[in-house]
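# Structural description and commentary
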Amino acid sequence: MMAAMASHYPWRSRQPRACRGARGAAPVLIAWFVGVLGGGCAGSGEYVCPDPVGKIILDDCEVYKTKYEALKVELGASFAGLFTAQTSLGKTSLRDPTELIQVLSLRTLALCKDFNACRVPPLEYRQRREQTDRVFTAVATIQEQLKGQLDPESKAKLVRELVRVLSEDRGSSGSSTGGSSTATGGSGEERPSRQRRLGPYRSWVPWYDTRLLPPQPRAASGFPVLAGASFSLVHVFRQESPYGTTGYRPTATFYLWGGRVEADDMLTIDWGGRTSDCPIGHGDENGLARLHCESPKTLNLTGASFTVRVTYRRGGDGKTAMIGQRTVPILSFQDESHRKGSLTYGIDHDPQAREGRLVFRPYDGLPPELEQPSLLVVLKLRKHMNATARCWVNGQVATAGLETSRYGGQDGMFQDRQRYRKTGPGSSEAVKEPHVYWWRYDFPLPFVFKRGSAPVPDKLKAWPLPGKWRCVVSVEGEPVRELTFRVGSDGKPAPHPRQAEQPDPGWLLETKLVENPFEAAIR
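Thresholds applied
Residues numbered from 1 in each chain as written. Predicted model: local features only at pLDDT ≥ 70, side-chain atom pairs only at ≥ 80, totals over all residues. Heavy atoms only, no water. Helix = DSSP H or I, 4+ residues; strand = E, 2+ residues; numbered from the N terminus. Polar contact = N/O pair within 3.5 Å; in protein donor to acceptor, adjacent residues only side chain to side chain. Contact = heavy atoms within 4.5 Å. Expected span 1.5 Å × (residues − 1). Buried < 20%, exposed > 50% of the residue type's maximum accessible area, 1.4 Å probe, protein only. Pairing = 2+ DSSP bridges. Salt bridge = Lys/Arg side-chain N within 4 Å of Asp/Glu carboxyl O.

With that out of the way, let us pick up the side chain of S295. Here S295 is to be found in the loop between β13 (288-294) and β14 (305-313). Looking at S295, its side chain comes within polar contact range of the main-chain oxygen of P250, at 2.6 Å. Ignoring any residue separated from it by four or fewer positions in sequence, one finds S295 in contact with R249, P250, W271 and S276.

Rendered as structure tokens:
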């Protein structure tokens, strides 16, 4: 299997592995692999992200995955070796550090992929990478000491020091700690959420702590809900001639909100007849539990969509509840340069392009004193283009022209055209713009909602501005989206008819797709 162009993290670093050489592999096979993944052997790995990120050098995320996997294996062997000799230690007196290494590995991998997807500015990426690199160096040093001829008690002390280093790193990104909060389902029942450290706000992660939360579906009592999910695909390759793709295998990142989440709880994911278990772990983003879940390695899907159903099992009493499901539409394309039937697959983000949202974000970090409303739209373009927005309330101008914020980014990409076109016998030329991209645009409105004692900043106004809102998003002066919604005196928009179909911290808006010369066709 080889990684496909993931829906959220579509780029490979610098040159693909096939371009860098592979022992014992035929050149034709190497070239075929590169072609089917849409990669190329030219270029320095530079990519120009939308402002304010700018030009970046794509990083090789697989390097970090391999590095951490090797360290985890070594640590696991050292930890198990503590109990092969007679000792007063019991396994319950020491925490296995490999689970914390797994958390650090997943976090580093996610950070790398977010950087490659233009979600993290280069300076912030370097600072956070330096932090994880320092932790990795400290852990590797302790692991080397564990290889020495030490008595079990001395090794146990090193393991405790190792756990301390890793545990401190888990909390180092947060600037303060917050008390426990409550999450309310559609029934109005309060569901206590576990206490969490408050770290930096992540714009690509759902934020449910807003005071202006939309209505949510009813949740099973005492259980969290599936608050968000993102997916990527791995192409499945035939291992013998004729070589080619035979299907795809999805992976997922899930976010859980509310309920009582404990370390020995478990998710069981039904991928459509095949299941896999996913430990809770210790990942946190925006106050939500974060889990990265793999589908079974032997799973091979070919359909135009797949549905995952998520069941939560509590470790304390063994009780289970189905906490959510997602159906993911899939695109496929046959490139003429590939063997017939060898398709390229990708996630279809057209549903997001058809839906505009009003979201509320922390204006001043976590915990917030102020919240700022922001319009969120997704455009389907061949290349990134600058967009603007303007809003009216009750027919009167409510905002000046709005620019996008740093919270925008790319949601996905897909090859939907041939990469090469025949121009004659034995000759061909590259096709211009063979890929389509779904770009997310974020337009902060010049208002803030006060939830603390902080004053309203200069050049901003207090939210709400009640009335009937109409906002138009334009590219090069051409309207591409028209959003309408009504805001009440409490600052909340009137709920969309489909608002409570599944958990969502954003308010769904009536969205009109305006015909324009820039976007690819939206199904």
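Since the α-helix advances by 3.6 residues per turn, residues separated by three or four positions end up pointing in the same direction. In this model, helix α4 (residues 122-146) (25 residues) spans 36 Å end to end at C-alpha, consistent with the 36 Å of a helix rising 1.5 Å per residue. Inspection of α4 places P122, Y125, R128, R129, T132, V135, F136, V139, I142, Q143 and L146 among the buried residues, and these make up the whole buried set.

Glancing now at the pairing of strand β23 (residues 420-424). With 4 bridges joining them, β23 and strand β24 (residues 427-430) adopt antiparallel strand pairing. Its bridge partner lying in β24, K422 is registered against S428.

Okay, the pattern of salt bridges next. Scanning all chains against the criterion turns up 21 salt bridges. Between R382 and D416 there is a salt bridge whose closest N-O contact spans 2.7 Å. Here the residue R382 occupies a position in the loop between β18 (370-381) and β19 (387-393), and D416 occupies one in the loop between β22 (409-415) and β23, the gap between them amounting to 34 residues. We classify R382 as buried; its relative accessible area is 15%. Judged by relative accessible area, which is 29%, D416 ranks as partly exposed. The shortest N-O distance in the salt bridge between E482 and R470 comes to 3.4 Å. With E482 in strand β29 (residues 478-487) and R470 in strand β28 (residues 467-475), the pair connects residues that are 12 residues apart, well separated along the chain.

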